[in-house]
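An overview of the molecular structure
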Amino acid sequence: MAADTLRVGITCYPSVGGSGVLATTLGEDLAARGHDVHFIAYERPFRLPSDAPRLHFHPVAINEYELFRFPDYTLPLSVRMAEVSRDHRLDVLHVHYAVPHATAAILARAMLPPGQQPRVVTTLHGTDTTLLGHDAGYAPAIKHALASSDAVTAVSESLKRETQRVLDFDGPIEVIHNFFAPRPPSRPPEVVRRELGLGDEVLVVHSSNLRHGKRVDLLLETAARVRPLEAFKLLILAGEAFAPFAGDVRRLGLTDRVIVREKVHAIEDYLQIADVGLYTSDAESFCLSILEAMCFGCPSVSTRVGGIPEVVEDNESALLVPAGDVAALVKALETLIHDEPRRHALGRAAQARARERFSAEVIVPRYEALYRRLCR
Ligand code: GMT
């Protein structure tokens, strides 16, 4: 192994979600740069390739004992983290999302003798602060895990400020923005357009886990108020089942306007034909989905919340409107549907911004530098 090779353990939520996507992409990129990367989770992260050199996956087995009403993940995870750290002499354990990953990493480190302890890096992604940080049953444990980490990073300045405020945390937090490294689409654009039954409509895309904060109600209401309805189709790339919203689609007269694809792996196939992104969230520490669209020259209409104004500039690479303002969302979306030159200008600016600020080439060396600083 080369002297400058790092051995990095990564734990994330392996399901469809921004933090898991970011962690997986980071691991892939670190491996491509010659580092040894070990994923530790209850399931293989959904975008993790199975054949890449230097990428390893260590499953965490969870037993369900009759004795316990709720199965415990934190302890088996910490034991697996300690085993992998010891067996593969990890330099760094990088955990994405504080609960319970940071707590498990702190425990794993404490289980190992001093010479075998990895450095613990905790990356905050959003709801670990903005939701759980408000819960008195979690906040002290989150704050303890952050204070015990060797380094804490947040995916936006906005999330850093929220973490300081909500958790009253005064330790150092380094802001390292998210990045996205798109893979080449697996199918030509015309094949994907045919699959979706698209004619010359503008394709509006929304990609999320559909949780409450994404405000799918506002997303559909916005779509229903756009005129003329025939000018666009709305493609929803759903990380979770869309069934709970199917009734709203019918009620709003959107049945022939909305196309849904659930748990899509080859997201690039659809992003390559996307014209406008639509995001109506109440809160968002970064919004990786907006960045994913930017990488394909697709500008978004979005609410101006959390870290989104760090990702895009209003009127330059996106149109931002106040949270909850459906009339403003409709107006902005109609503008981009009908004004093709404006849409393309914003899209070009969005793509350039994604390359300059949020590419793997820019962001991954920041994590590498952090790991090296901690391991000196
Ligand atoms: O959006 C979610 O609820 C999922 C969550 C996650 O942990 O996957 O997303 C958070 O992390 C993403 C990656 O850093 C960010 O792009 C999202 O903005 C953030 N979500 C929220 O803050 C609500």
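Criteria and cut-off values
Residues numbered from 1 in each chain as written. Predicted model: local features only at pLDDT ≥ 70, side-chain atom pairs only at ≥ 80, totals over all residues. Heavy atoms only, no water. Helix = DSSP H or I, 4+ residues; strand = E, 2+ residues; numbered from the N terminus. Buried < 20%, exposed > 50% of the residue type's maximum accessible area, 1.4 Å probe, protein only. Pairing = 2+ DSSP bridges. Contact = heavy atoms within 4.5 Å. Axes fitted to C-alpha atoms, helices over the stretch in contact; angles between N-to-C directions. Salt bridge = Lys/Arg side-chain N within 4 Å of Asp/Glu carboxyl O. Domains from an automatic or database assignment. Buried area = accessible area lost by both parts, 1.4 Å probe. Polar contact = N/O pair within 3.5 Å; in protein donor to acceptor, adjacent residues only side chain to side chain. Near = heavy atom within 4 Å. Areas by Shrake-Rupley, 256 points an atom, 1.4 Å probe, with all protein chains shown as cover. Nonpolar A, V, L, I, M, F, W, Y, C, P; charged D, E, K, R; others polar.

Once that is clear, we can look at the environment of Ala-266. Its location among the elements puts Ala-266 in the loop between β10 (258-262) and α10 (267-271). A relative accessible area of 30% means that Ala-266 is categorised as partly exposed. Taking the C-alpha atoms as reference points, Ala-266 and Arg-187, 79 residues apart in sequence, are found 9.2 Å from one another.

Spatial ordering of the open sheet is given by β3-β2-β1-β4-β5-β6-β7, a layout of 7 strands whose pairing is parallel. Sheet topology places β3 (55-59) and β7 (174-175) at the edges, where each strand pairs with a single neighbour. Taken together, the 2 bridges between strand β6 (residues 151-154) and β7 define a ladder with parallel strand orientation. Its bridge partner being in β7, Thr-153 is matched across the sheet by Glu-174. Against the sheet, helix α3 (residues 101-111) contacts β1 (7-11), β4 (92-96) and β5 (119-124), and its axis sits at roughly 160° relative to β4.

Along α3, the positions that sit buried rather than exposed are His-101, Ala-102, Ala-104, Ala-105, Ile-106, Ala-108 and Arg-109. Buried-residue contacts for α3 involve β1, α2 (74-87), β4, β5 and α5 (139-148).

Scanning all chains against the criterion turns up 22 salt bridges. Salt-bridge contacts for Glu-174 lead to Arg-373; the nearest nitrogen and oxygen are separated by 2.8 Å. Highlighted residues: Glu-174 in strand β7 and Arg-373 in helix α15 (residues 360-375), separated in sequence by 199 residues. Classification of Arg-373 by relative accessible area gives partly exposed; the value is 40%. Arg-225 serves as the salt-bridge partner of Glu-221, at 3.3 Å between the closest nitrogen and oxygen. Placement of both Glu-221 and Arg-225 in helix α8 (residues 216-225) is noted, with a separation of 4 residues, approximately one turn of the helix. One salt-bridge network, in which partners are shared between bridges, spans Arg-187, Glu-195, Arg-261 and Asp-269.

Turning our attention to the domain arrangement of the chain. Along its sequence, the chain is organised into domain 1 (7-179 + 359-374) and domain 2 (189-357). Computed over C-alpha atoms, the centres of domain 1 and domain 2 are 30 Å apart. Tallying the contact residues gives 19 residues for domain 1 and 17 residues for domain 2. Across the domain 1 to domain 2 interface the summed buried area is about 1,400 Å²; carbon plus sulfur atoms make up 54%. Remark: the boundary between domain 1 and domain 2 carries 1 salt bridge. The partner of Glu-292 in a salt bridge is Arg-47, with the nearest N and O atoms 3.7 Å apart. Linking domain 1 to domain 2 there are 7 residue pairs in polar contact (both at pLDDT 80 or more).

We now examine the environment of Gly-171. With respect to the secondary-structure elements, Gly-171 resides in the loop between α6 (157-166) and β7. Along the primary structure Gly-171 and Ser-148 are separated by 23 residues, whereas in three dimensions their C-alpha atoms are 9.8 Å apart.

This brings us to the pairing of strand β13 (residues 318-321). Note on strand geometry: in a regular strand, side chains alternate between the two faces of the sheet. Taking every second residue as pointing to the same face, both faces of β13 are buried, with Ala-318 and Leu-320 on one and Leu-319 and Val-321 on the other. As paired elements, strand β12 (residues 300-303) and β13 share 4 bridges and run parallel to each other. Bridging from a neighbouring strand, Ser-302 pairs with Leu-320 of β13.

Below, the discussion takes up the site of the ligand. Taken together, 18 residues lie near the ligand, and Ser-19, His-125, Asn-178, Lys-214 and Glu-284 sit nearest. A distance of 3.3 Å separates an oxygen atom of the ligand from a polar atom in the side chain of Asn-209. Within the side chain of Lys-214, a nitrogen or oxygen atom sits 2.7 Å from an oxygen atom of the ligand. When the free accessible area of the ligand is taken as 480 Å², the share hidden by the protein chains comes to 92%. Each residue belonging to the shell around the ligand can be placed in one class, and the counts come to 6 nonpolar, 9 polar and 3 charged. Among the domains, domain 1 (7-179 + 359-374) and domain 2 (189-357) are the pair contributing at least three residues each to the shell around the ligand.

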